[in-house]
Amino acid sequence: MKATNETEKIISEQLSALNKIGTAENLEEWRVNTLGRQGVITSILKSISSLPAEERKAAGSAANQGKIRLQDAFGIKQKQLLANDSSNSNDSLDISLPGRPTTGGKLHIITQTIREISSVFVSLGFQIEEGPEVEWGKYNFDMLNIPQDHPARDMWDTLWVEKDEHTNSEPLLLRTHTSPMQARIMEASSPPIRVIIPGKCYRYEATDATHEWQLTQIEGLAVDADISFADLKGTLYEFAKRIFGRDRQVRFRCDYFPFVEPGVDMSIDCFKCSGKGCSICSHTGWIEILGAGMVHPNVFKGVNYDPDKYKGFAFGMGVERIAMLKYEIDDIRNFYANDLRFLSQF
Ligand code: PHE
């Protein structure tokens, strides 16, 4: 009798636990613990064989009846929960709610900036070209008047592409700037030339708020019989005004790039403080935006152009830098972190 009483007690405990259940998850948990293969009922049934013979019959029938009661109660509970569920979902269908907005795709801010800058130069008569990101050392350096072992190579920390030992090919690298396209274009065509070359470049550099190992540049090249430094200034002045505002002033200062002579860097007066000094211009009133110069005679010789017959100017600018200035972005790493909260602002 002891075992039978014990069984009844367990059954009624299970029933009252079942009564309190309000969610499908809890119900399933209850089913596994009570009616499951390793549940309470199974262990009661298993224990019957160890009872004294005269108690077994009563204990067995108590356990079986209890199991049936629990199964029935379980079925009822399951139906109740299901019914509640569907009435809930009927309540939640509110046809007056506005639909979920669909988010449209956009061009990346760097692509937008490339297009904006390109359209300025296209309107000035330049054509757009593209070139390889994996480049021969010859075009990235040698043809740009930077021979092997020249200290100027240190101006660009280079990512070299591993050599294939079988082919013993010329050194390959990820281009450190778009300038190799100067030589490629002059090799493949003859003056007059007016091109811009937007594209990705790579540098072996630690990243921080103003440096990334991948960057975008726009190169420019104009070659003709009578190109002068005044053309360079006029072209870049017009570019600066169209991108940064009509009342911009420009400043040219001497700078060194092996493939131009003379070489300059161009600054604009700060568009934020108009030259008074603020955080964007590091309190100097001026913002440096690009490097430029007149094509070096050695570069012309390398592509079999007669330096006495032709003159040209070249320039190169960092697109990320221009976008950072224009939109007051203080960390270059934002551009490629793929965070939509940043990207969707533009
Ligand atoms: N290629 C240079 C750089 O990456 C920029 C430049 C281009 C300077 C053309 C002069 C002429 O720093």
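Everything numeric in this text was worked out from a predicted model, so none of it was measured.

Tell me what's going on with the site of the ligand, and back it up with residues and numbers.
The environment of the ligand is made up of 15 residues, and the closest members are His177, Ser179, Arg203, Gln217 and Gly316. Note that a nitrogen atom of the ligand is positioned 2.8 Å from one of the side-chain N or O atoms of Ser179. At 3.1 Å from an oxygen atom of the ligand is found a side-chain nitrogen or oxygen belonging to Arg203. At the level of elements, strand 6 (214–224), strand 9 (286–295) and strand 10 (311–318) are the ones that each hand at least two residues to the shell around the ligand. Counting residues per element, the shell around the ligand draws most heavily on strand 10, at three residues. In terms of residue class, the shell around the ligand is made up of seven nonpolar, six polar and two charged.

Explain the sheet that holds strand 6 residue by residue, including any values.
Pairing within the open sheet is mixed, and its seven strands lie in the order 1-5-6-10-9-8-7. Of all the strands in the sheet, the pair left with one neighbour each is strand 1 (127–128) and strand 7 (250–254). Note that strand 6 and strand 10 share eight bridges and pair antiparallel. Note that in strand 10 the partner of Ile218 across the bridge is Met317. Against the sheet, helix 5 (residues 109–123) touches strand 1, strand 5 (193–202), strand 6 and strand 10, its axis set at about 10° to strand 6. Packed on one face of the sheet, helix 8 (residues 229–244) meets strand 7, strand 8 (260–269), strand 9 and strand 10 and runs near 150° to strand 9.

Go over the packing of helix 5 against helix 8, please, and point to the residues and values.
Running from amino to carboxyl end, helix 5 crosses helix 8 at an angle of 135°, the nearest separation of the two axes being 10 Å. The angle between the axes of helix 5 and helix 8 places the two elements in the oblique class. In this structure, the crossing between helix 5 and helix 8 has a hand that is right-handed. Across the interface between the two elements, Glu116, Ile117, Val120, Phe121 and Ser123 from helix 5 touch Thr235, Leu236, Phe239, Arg242 and Ile243 from helix 8.

Break down the pairing of strand 7 for me, with residues and values.
Regular strands place side chains that alternate from one sheet face to the opposite one. Note: strand 7 against strand 8, five bridges, orientation antiparallel. Residue pairing across strands places Arg251 opposite Ser267, the latter belonging to strand 8. In this antiparallel pair of consecutive strands, strand 7 and strand 8, the connection spans five residues.

Any chance you could break down the domain arrangement of the protein chain for me, citing the residues and the numbers?
Split into domains, the protein chain comes out as domain 1 (2–88) and domain 2 (109–343). Each of domain 1 and domain 2 has a C-alpha centre, and these two points are 79 Å apart.

Quick rundown of the pairing of strand 5? Include the residues and the values.
Among the 10 residues that make up strand 5, eight are buried, leaving the element largely enclosed by the rest of the structure. Strand direction decides the pairing type here: strand 1 and strand 5, joined by two bridges, are parallel. Counterpart to Ile128 in the pairing with strand 5 is Ile196. Here strand 5 runs beside strand 6; their pairing, made up of 10 bridges, is antiparallel. In the sheet register, Ile193 faces strand 6, and the bridge partner there is Val223.

Lay out the packing of aromatic side chains with the relevant residues and their values.
Following the criterion strictly, the structure yields 17 aromatic pairs and no others. Plain terms: the ring middles of Phe342 and Phe346 are 5.2 Å apart, the flat faces sit at 65° to each other, and that makes the pair edge-to-face. The same class applies to Phe342 and to Phe346, which are both buried. In this structure an aromatic cluster arises from ring pairing among Phe121, Phe126, Phe239, Phe313 and Phe315. In this arrangement the basic side chain of Lys241 is found over the ring face of Tyr237, its NZ or CZ atom lying 4.8 Å from the centre.

Calculation notes
- Residues numbered from 1 in each chain as written.
- Predicted model: local features only at pLDDT ≥ 70, side-chain atom pairs only at ≥ 80, totals over all residues.
- Heavy atoms only, no water.
- Near = heavy atom within 4 Å.
- Polar contact = N/O pair within 3.5 Å; in protein donor to acceptor, adjacent residues only side chain to side chain.
- Helix = DSSP H or I, 4+ residues; strand = E, 2+ residues; numbered from the N terminus.
- Nonpolar A, V, L, I, M, F, W, Y, C, P; charged D, E, K, R; others polar.
- Pairing = 2+ DSSP bridges.
- Contact = heavy atoms within 4.5 Å.
- Axes fitted to C-alpha atoms, helices over the stretch in contact; angles between N-to-C directions.
- Parallel < 35°, antiparallel > 145°, perpendicular 65-115°, else oblique.
- Left-handed = near helix turned anticlockwise from the far one by under 90°.
- Domains from an automatic or database assignment.
- Buried < 20%, exposed > 50% of the residue type's maximum accessible area, 1.4 Å probe, protein only.
- Phe/Tyr/Trp six-rings, centres within 6.5 Å; stacked < 30°, edge-to-face > 60°.
- Lys NZ or Arg CZ within 6 Å of the ring centre and 35° of its normal.

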